[in-house]
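A look at the structure
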Amino acid sequence: NPADVPVTNIDDESPGFVVSAISGSVTEEGGQAVFTVRLTSEPSDNVFVSVSSDNLSEGTVSPLELTFNSDNWRSEQLVRVTGQDDNISDGNSAFRIILDNSSSTLASEYKGLNPADVPVTNIDDESPGFVVSAISGSVTEEGGQAVFTVRLTSEPSANVFVSVSSDNLSEGTVSPAQLTFSSGNWRSEQLVRVTGQDDNVSDGNSAFRII
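Report follows, based on the coordinates. What you see is a predicted model; the values in this text were computed from it and never measured. Here the residue numbering is sequential within each chain, running from 1 through the sequence in written order. Local features in a predicted model are, by the rule used here, given only for residues with pLDDT of at least 70; side-chain atom pairs are given and counted only at 80 or more, and totals for whole chains, interfaces and linings are based on all residues. Hydrogens and waters are ignored; side-chain quantities use all the structure's heavy atoms.

Take a side-chain nitrogen of Lys or Arg and a carboxyl oxygen of Asp or Glu: if they are within 4 Å of each other, that pair is a salt bridge. For the coordinates displayed, the defined rule picks out two salt bridges. A salt bridge links Arg38 to Glu76, with the nearest nitrogen and oxygen atoms 3.6 Å apart. Linking Arg38 in strand S3 (residues 32-39) with Glu76 in the loop between strand S6 (65-68) and strand S7 (77-83), this pair joins segments that are 38 residues apart in sequence. Across the salt bridge formed by Glu189 and Arg151, the nearest N and O atoms sit 3.5 Å from each other. Highlighted residues: Glu189 in the loop between strand S15 (178-181) and strand S16 (190-196) and Arg151 in strand S12 (residues 145-152), separated in sequence by 38 residues. For Glu189, a relative accessible area of 49% corresponds to the partly exposed category. Starting at the N terminus, helices and strands are each numbered in turn, a helix being any DSSP run of H or I of at least four residues and a strand any DSSP run of E of at least two. Burial classification: accessible surface area is computed with a 1.4 Å probe over protein chains only, and a residue below 20% of its type maximum counts as buried, one above 50% as exposed, and the rest as partly exposed.

Below you can see the structure in the form of structure tokens.
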């Protein structure tokens, strides 16, 4: 009888995770991006992966847990990241989606393994600035009045003071002399009132500016 020949079939499955690149734009207007997670080999029992954001003020995530088993381990499971609006002009903000192989994972070969976290950027939608409305009403030498409003375009990190003045007090005065904006009232239009002044001179209509 010839000698038997021992052979080894080399395994091509090693336990691990495949995390895809993120697709889409996470923005402060609620823009969303997605990525997927799957296993590299069939698990001997359930594998649980918790999903969380390390900065909920910049982005939230759904679902909060992925479950893999012998039936679905090849299937990519979708994770959705949604941007959150902070009303502050703070530029684009980086945060991370944390993927954690839960301690409740039952498959022994997956214990101690951890999928890679996913870096994300929340794109800012606020730029600091002012919105000044068109003027409404008629400024006349009989004391006629007109009004306009001012507000901010983004929540300020501290108080913003805007001085208000007329460049020709003989033609028109203005009230108030200062506007104050804060994190509590930055969205609210503040009213500025312009009152015409009589110079008792027939000098025609006179242009001036509110500074």
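Two aromatic rings, taken as a pair, are described by how far apart their centres are and by the angle between their planes. Ring geometry is summarised as follows: Phe, Tyr and Trp rings, the Trp one being its six-membered ring, pair when their centres sit within 6.5 Å, and such pairs are stacked at plane angles under 30 degrees, edge-to-face over 60 and tilted between the two. In this structure the tally under the stated criterion is one aromatic pair. Ring centres of Phe17 and Tyr110 lie 5.6 Å apart, and the angle between their planes is 70 degrees; this geometry places the pair in the edge-to-face category. Of this pair, Phe17 sits in strand S1 (residues 17-19) while Tyr110 sits in the loop between strand S8 (93-101) and strand S9 (118-122), and the two are 93 residues apart along the sequence. On the accessibility criterion, Phe17 (16% relative accessible area) is buried. On the basis of relative accessible area, Tyr110 is assigned to the buried category, the value being 0%.

The next point concerns the side chain of Ser93. Mapping Ser93 onto the fold places it in strand S8. Among the polar contacts listed, one links the side chain of Ser93 to the side chain of Glu58, at a separation of 3.3 Å. Polar contacts here mean pairs of N or O atoms no more than 3.5 Å apart (in protein, one a potential hydrogen donor and the other a potential acceptor; neighbouring residues in sequence count only if both atoms are side-chain atoms). Within polar-contact distance, the side chain of Ser93 engages the backbone oxygen of Gly91 at 3.5 Å.

Strands sit in the order S6-S4-S8-S9 across an open sheet of four strands; the sheet is antiparallel. Each end of this open sheet is capped by a strand with a single partner; those strands are S6 and S9. In this sheet, neighbouring strand axes are inclined to one another by 20 degrees on average, regardless of whether the strands run parallel or antiparallel. For two strands to be treated as a pair, DSSP must find at least two bridges joining them. Examined bridge by bridge, S8 and S9 share five bridges and lie antiparallel to one another. Under this scheme, a helix contributes an axis fitted over its contacting stretch, all axes are lines through C-alpha atoms, and angles between N-to-C directions fall in the 0 to 180 degree range.

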